[in-house]
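Fold and geometry: a report
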Amino acid sequence: MNSNEQLLETLRPAFEAIPEEVAHHGTEPPEPASVYVVPGHESALNPDTAIVVGDRGTGKSFWSSALNGEATRMVIGQQLKRIRLDNTCVGWGFSSETSNRNHPSRRVLQRLLDQNFNPEDIWRTVILYQLLEASGQAFFEGTEDWPARIQRVADNPEAEERLFASINEELESRGERHLLVFDALDRLGNDWAQIRVLLRGLLRVGLDLREFRAIRTKFFLRQDMWEDQSVWAFPDASKLTHGRVLLQWHRADLYGLLWHQLANNARSGPQFRQWVQREYQCSFGEVTTNGVTVYVVPEAIRTREANQSALLQAIASRFMGTNRRRGNTFTWLPTHLADAKGQVSPRSFLVALKHAHTLTQRQYPEADVLLHYEGIKKGVQEASRLRLRELQEDYPWIQQVLDPLQGMTVPANEEELHARWRDDDVVNRVLQAAADNNQTLDDSVRPYLPPHSLENQAQEGTLTQAMIEIGVINRTADGRLNMPDLFRVAAGIGRRGGVRAIR
């Protein structure tokens, strides 16, 4: 067995260990070894950055949880020393967790609005309550619940302002900062009206607190919330928005994530790291926290695509067929996993590779690669299914919009899509579903949020624009509408020369 064959055999457990469901749920910090610090995400992780915008699957909840975990925060901080996480205390300002004592749940927030509490008083209370718990002051003594605490803040604005100032001074004197992270903000309310009023109040408080250099707030927002102009309809909102950071994954980041997975697998990691050192004369760095060592991908295979491409060729088919005319695997894979804005979810990438490896083992056991090109094509189909399912969680209306399009071929004229939607009465069905589903008070159920612009313009063109905003479709140079393979395949929509649609 030569060295390349040994490498392939060594790496099998690492591909098998990639979880079927790579999404991060809840507020539990991820395992330190799973944290791949993307160089381009430094600004998003910096406590001084208030607004971070990302599509589904780009890492909003993952980074929120990683910042809140002490061990994972150290893993990030040791690789991004400029953002000084070692002197930063982090807590949740809002999350998907219903029993988090740091903040009220969606049900409680709705009750607080019903009781006519001012949204800004609500969030000032949430932030101050956490800061005072850390400092041990007794401002909230005798208050047992959120209404009582908020009322105390509302009745004592001068005392509240003095407390923020004194906490800031105290933190600055120790050279420390306190960061509050707000995630899952689409769960603030049961409909857009509630979400807007609470989110606008929260952002106004965040803007006010920018004067305190040691008290930081970070808001992870969905793309459609960022693009909802009514959310930003308050004075000086631009002071928050001008520093907004987009969470994006470039091609080199995705392959860097793959090398991180291989290098940090308990069974495959040692041999993979040795092989990389031998082939590229570079070593993995080491970050140790709580007795766990995380191996950091070296620059040579982290950002240099020529090396990444060569490394991929050692484990995967070089081309997506029997010759170069079928496409280079290194570029083909991320291209076919990209949404209409060219963005690739790291979850989709890893799931595609896991299924590509499984099918290669099953159907091409004699192949001299771990990832055969036919397996990669099947992997893209599986990733497409997953991506569409994920999208439905954030945008439950998407299935109602895609179902009537099944069987058609893209690119297509806009009128063809609109005609299919009119025949299926899609606009009214989406609005009716929102009206029917938003009666629930159960915090475990995501609210059914239609495209926010549909409230004012209930027409097919609004759906088209909403799908463009979230990257499901785009316009071609001649004005037709196209859909990337990532969504087209699972939606049963055809395209000549594309990956076969799932029927």
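Nothing here was measured: the structure is a model prediction, and the numbers come from that model. (Residues numbered from 1 in each chain as written. Predicted model: local features only at pLDDT ≥ 70, side-chain atom pairs only at ≥ 80, totals over all residues. Heavy atoms only, no water.)

Bringing the nonpolar core into the picture now. One finds Trp259 and Ile315 to be the most contacted residues of the largest nonpolar core, which totals 81 residues. Broken down by element, the residue count for this core peaks at 7 residues, all from helix H12 (residues 251-263). Among the nonpolar cores identified, the runner-up in size contains 51 residues, and Phe94, Leu132, Leu198 and Val205 belong to it. (Core = buried A, V, L, I, M, F, W, Y, C linked by side-chain atoms within 4.5 Å. Buried < 20%, exposed > 50% of the residue type's maximum accessible area, 1.4 Å probe, protein only. Helix = DSSP H or I, 4+ residues; strand = E, 2+ residues; numbered from the N terminus.)

Here Gly57 shows up in the loop between strand S1 (51-53) and helix H3 (60-68). For the pair formed by Gly57 and Val344, sequence separation is 287 residues and the distance between their alpha carbons is 8.7 Å.

Another aspect to go through is the pattern of salt bridges. Think of it this way: side chains of opposite charge can pair up when their charged atoms draw near. Under the defined criterion, the tally for this structure stands at 30 salt bridges. Taking the shortest distance from any N to any O, the salt bridge between Asp394 and Arg56 comes out at 3.2 Å. A residue pair is termed long-range when its members are at least 10 positions apart, and Asp394 in helix H18 (residues 373-394) and Arg56 in the loop between S1 and H3 qualify at 338 residues. Residue Arg124 is joined to Glu160 by a salt bridge in which the shortest nitrogen-to-oxygen separation is 2.7 Å. In this pair, Arg124 is assigned in helix H6 (residues 119-135) and Glu160 in helix H8 (residues 157-173), connecting sequence segments 36 residues apart. We note that Arg124, like Glu160, is buried. One network of salt bridges, with partners in common, ties together Asp48, Arg177 and Arg216. (Salt bridge = Lys/Arg side-chain N within 4 Å of Asp/Glu carboxyl O.)

The strand order across the open sheet formed by 5 strands is S2-S3-S4-S1-S5, and the pairing between neighbours is parallel. In the strand order of this sheet, the two ends are held by strand S2 (88-94) and strand S5 (245-246), each with one partner. Looking at chain direction, S2 and strand S3 (residues 177-182) are connected through 6 bridges and run parallel. In the strand pairing of S3, Cys89 is matched with His178. (Pairing = 2+ DSSP bridges.)

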